[in-house]
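Topology and contacts: notes
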Amino acid sequence: MFGHNGGIRRSFVLSPLIITALSAGLACRRQEPSPLPKVVTGQFPSRIRAQVDASVQQATAHPDDAGASGRLGMVLQTYEQLDLAEICYRRAHLLDPKTFEWAYYLTVTELIHGEVAQAIADARAAVRIDGDSRPARMRLAEALLQGKQYGESRRIYEALVSEESDLAAYHYGLGKVLIAQGGVQDAIAQFRRACELSPIFSAARYSLAMAYRQYNDLDQARAQLAIYQANPHGAPPDDHLMAQITDLNQGGLIRVQAAQQYLAQGRPAEAAAELETAVANDPDDEVAHSNLVTVYWELRQWDKAEQHYHIAARLNPATSAHYVFGLVLFDQKRYPEAAEAFRRALALNPGDNGANTQLGRVLGFQGDVKGAIRQYEIALRNDPNSRATNYELGLALMKQGQKQEAIERLLKTLQPVDGKTPGYMRELAEAYRKTGNEERARYYVQAAAALTGTAVRTAAPDITLQSGATASQRP
Amino acid sequence: MTIRYALPFAVASLFTAASLFTACSAGHRTVASTGPFREASHETGLDFQHFTGATGDFYMPEIVGAGVALLDYDGDGDLDIYLIQGSFLNPAKKLIDALYPPGKDWSGGDWKPGNRLFRNDLIPSGKLHFTDVTEQAGVGSVGEGMGVAVGDYNNDGFPDLYVTNFGANILYRNNSNGTFTDVTKEAGVEDSQWSTSAAFCDLDGDGRLDLFVAHYVNFPVVGNPKCKNGSGERDYCGPKTFHPVPSRLFHNIGNGKFEDVTEKAGITAAYGAGLGVACADFNHDGRMDLYVANDQNANILWMNKGDLHFEDQALLAGAAYNGEGKALSGMGIAIGDVDNHGSEDILVTNLMGEANSLFRNEGNGFFHDSTAEFGLAAPSLPYTGFGVKWLDYDNDSFLDLYTVNGAVETVNALRGKPYPYQMKNRLFHNDGKKLMDVSEVSGAALQLEAVGRGLAIGDLNNDGRVDMIATNNNGRPWLLLNQDQSDGHWLLVQTEGTRTNRMGLGAEVAVLRRGRKPLWRRSQPDGSYVSASDPRVHFGLGDSEKIDGVVVRWVGGSAEVFRNVKTDSIVKLREGSGQPWHP
């Protein structure tokens, strides 16, 4: 339509438009970093406050230093201030788009906050910086899955599985994409592999169960759910980048959480080490002292247990350590003192199942069976399914000659089926024998033998650490 | 460049640049000055301020309450409001000790402790206004109130109240003359465990409403632990610090009496820190089941096996945990058929960072975590959700969703402020294919921030549009009047049982529309969080000006169809006055 000269004139006119548009676009991508977040530390414990304040000062003094912003973000993240951490990571990433860590951590926080589109964009940025990083590629795959971009997500997971086939998390991720795409059988294969590689991976185990259910194999679904229930909190370890954030934490809570994990794995010595570090960092950490009573009770180190009990009680007369100190005394056969400790616990919480049950045991050992039964019945009001309480009550009722009632109580100890069940079954068999019901006695002896597992301390109370945690903290 | 091109160039450049800069500042959205809801508590006389009783000891019950009930207590055809109040847990404390004394922003005159009943003056005045009638009614109990359930347990035509507390619960029998009597002991429903949500539901199909009460944890006031958040500051403890307590089931045996059948019914076989309760028939066997949302324990799906016997089938059903097998912090419950596929789905509100859970009912008693699929995962991650309800706010026949949010530990951005737990509520619009978070374009009412807890929905002004009451911990409730201007048709159905329970609670109601699938809803005042909603069944009908009839499937299985029902009206359907219906 236009002649040559017209074309030149048009491009002369259009060029400034294009330049303007490009400039605006570049300015758009080159967003100015938002200001550093306001961090209020007045109520933090002094050690944490010092650490956070130092990071804030560093970032404030060097506003153009991406590393300072990023490190502040890491410190904030380790103390669960994720929204503020995200602001810092975004600053760091904008100031220094070439550093992998900021793009990566920004992606992680965006995923936690459900900012899927941003997470995809920033995960892509992380992968562009370091295409070999498998954690970054996995985060991108995860973000794409959340963004329902299943095709690309699947390709990334498949590549990860192919490169590192013994990592459970990759198989699990691939399984999730396959389920989303309707490929139930293929998903089952991936979840199975994840569980084989990491038997404690509870999310994979649960997903496998649900996939079997979707496939209408209810027997397998039930079987997998039974395995899942035995360990519902297991997860593969976090990647090394996230571990760097965890390592910054100087608070007591993270030590308690680590100690809980060690205890769950049957490693009380490591649990003690974590908690000793907590009290070394903060001698006034009553929760850590209280938990050390528990751990040293497990280790049967009575002197240390008693030492930490007295500190906990001095720091907080309403400490939860009264109960476990009662156990420490009980195991040393110091029954009157044990009773006193359980009564102190009950003064704080009259409905506490554990303290009522253990006080009942003490009374039983002191010959007061009626008193013991009374305590067990109080204990059951709030926790009627307590195996330990039903067991003790069953034994006490047998002593009183109330055999039928005793058997009813002992029957309640058979669920869930776990390592303790054979012991409970043998006790039930003995009860049936005393009532003259040999058939049922034989049945439970055989059932106990059929179950794998060794004899365990059937009278031992279930014990967990006190987290002293708010709602958002998890075991 | 000649001048002829200069001006268009300049304008075009400016336009292009402006567009791109606007696109850059994507964080700024235009909020509509009006939206589908308007906060109207002041203008309607709903003067109430929730008091937590907080004195700096971080007693957990302070942060958990409280709820609200909508009920027509005087039988005049409009919904009245009953609000639950908190109190000091330490009886030695006085108002001067309170960290957040009521009185600030309190314009209602002298503050009165205790729960409050507000009579709706719509009928006969024609104006939506509320009058405090607590003293006359005799329902102003003082305590650490949690929630309330509504049901006509004695089938006398007047709804009664069951109030849950941290402390002794209370059953108020409606005397049908504007007053109530505390009949807790006489009725046999005494319960002093920390109770949260409760529901009246006919679980054995005998025409009488039974009562299910969720219990939370064994919390010791004297032995209150000092819990800390992730930053090491003192804050409210989470439920894992304490031991959960089994819920309780009371069987209505007639003559105003109940029998505790908790253990007999199998309810002690499973328990967690119960916060939400809802009744529905999840597997279409004609028997009402129960769903309990537990806080950081597996949720429970009590399937009714008949003869008042229940089994927890949540695990295999896929309704215990989220899709990754994690026990979330279940608080509120909304039951509804989100995609009109013929079965009731379950939505549970959870803690910030967990996302709410939508368990879609596959129709056979199995559920699938479909939260992300329906677009509800990401938008709910930043919020701690409590009260929740499905409602068709724009009368387009699709169930929308409103969630009430408020934190239970310090919100980072509010650290240092007096009550740092405030959040915004969220509104999700359902267009039949997906749910979209429309909060940011829904006007000022969706920009309010508070520590949200209870939610009850109902048509407060009988105009065919569903309104809401959202309660706020340590704050005033919000009366959210529906002012949506969509012109969809509607129907409001009040069920009245004769052989079944008098209020018709639990009845399934369907609107029959030519050429379309029946639209099913249920008379369901329970669910949400510690609150009770309008038992009338609301239908948005979209462009269906005429309908073929209304089906009611009463609890217990019999079904009737009612013809010649006009849309855009409130109808009362009495059991026995329709024609038998066979699908």
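Residues numbered from 1 in each chain as written. Chains lettered and ligands numbered in written order. Predicted model: local features only at pLDDT ≥ 70, side-chain atom pairs only at ≥ 80, totals over all residues. Heavy atoms only, no water.

**Observations regarding the side chain of Gln 190 of chain A**
Examined against the element boundaries, Gln 190 of chain A turns out to sit in helix 10 (residues 184–197). Beyond its immediate sequence surroundings of up to four residues, Gln 190 of chain A is in contact with His 171, Leu 174, Gly 175 and Leu 178 of chain A. (Helix = DSSP H or I, 4+ residues; strand = E, 2+ residues; numbered from the N terminus. Contact = heavy atoms within 4.5 Å.)

**Observations regarding the sheet that holds strand 23 (residues 357–361) of chain B**
Residue and element names in this part refer to chain B. Spatially, four strands are ordered 21-22-23-24 in an open sheet, and the strand pairing comes out antiparallel. What marks the edges here is a single partner per strand, and that holds for strand 21 (333–336) and strand 24 (367–369). Averaged over all neighbouring strand pairs, the angle between strand axes comes to 20°, with direction disregarded. With three bridges joining them, strand 23 and strand 24 adopt antiparallel strand pairing. Paired with Phe 359 across the strands is Asp 369, a residue of strand 24. (Pairing = 2+ DSSP bridges. Axes fitted to C-alpha atoms, helices over the stretch in contact; angles between N-to-C directions.)

**Considering helix 18 (residues 321–331) of chain A**
Residues and elements named next belong to chain A. Taking burial as the measure, the 11 residues of helix 18 include 10 buried ones, the bulk of the element. Those residues of helix 18 lying buried are Ala 321, His 322, Tyr 323, Val 324, Phe 325, Gly 326, Leu 327, Val 328, Leu 329 and Phe 330. Where helix 18 is buried, its residues touch helix 16 (286–299), helix 17 (302–315), helix 19 (335–348) and helix 20 (353–365). Looking one or two residues beyond helix 18, the residue adopting positive phi is Lys 333, at roughly 65°. (Buried < 20%, exposed > 50% of the residue type's maximum accessible area, 1.4 Å probe, protein only.)

**As for the confidence of the model for chain B**
Residue and element names in this part refer to chain B. The pLDDT averaged across chain B works out to 92; a share of 93% of its residues lies at or above 70. This model gives residues 1–31 a pLDDT under 50, and the stretch forms 31 contacts once residues within four places in sequence are excluded. Across the interface, the model reports ipTM at 0.88; the global pTM reads 0.91. (pLDDT = per-residue confidence, 0-100.)

**So, the packing of aromatic side chains**
A full pass over the atoms with the stated rule returns 36 aromatic pairs over all chains. Measuring from centroid to centroid gives 4.9 Å for Tyr 443 of chain A and Tyr 444 of chain A, while their planes differ by 85°, and the two rings are edge-to-face. By relative accessible area, which is 44% here, Tyr 443 of chain A ends up partly exposed. Judged by centre distance (5.1 Å) and plane angle (75°), the rings of Phe 58 of chain B and Tyr 236 of chain B are edge-to-face. In this pair, Phe 58 of chain B sits in the loop between strand 1 (37–39) and helix 2 (61–64) while Tyr 236 of chain B sits in the loop between strand 14 (234–235) and strand 15 (248–254), placing the two residues 178 residues apart along the sequence. Like Tyr 236 of chain B, Phe 58 of chain B is buried. Site record: aromatic cluster; members linked through ring pairs are Tyr 59, Phe 166, Trp 194, Tyr 216, Phe 219 and Phe 242 of chain B. When the ring centre of Tyr 443 of chain A is taken as reference, the NZ or CZ atom of Arg 440 of chain A above it lies at 4.8 Å. If you follow Arg 553 of chain B out to its NZ or CZ, it ends over the ring of Trp 520 of chain B, 4.2 Å from the centre. (Phe/Tyr/Trp six-rings, centres within 6.5 Å; stacked < 30°, edge-to-face > 60°. Lys NZ or Arg CZ within 6 Å of the ring centre and 35° of its normal.)

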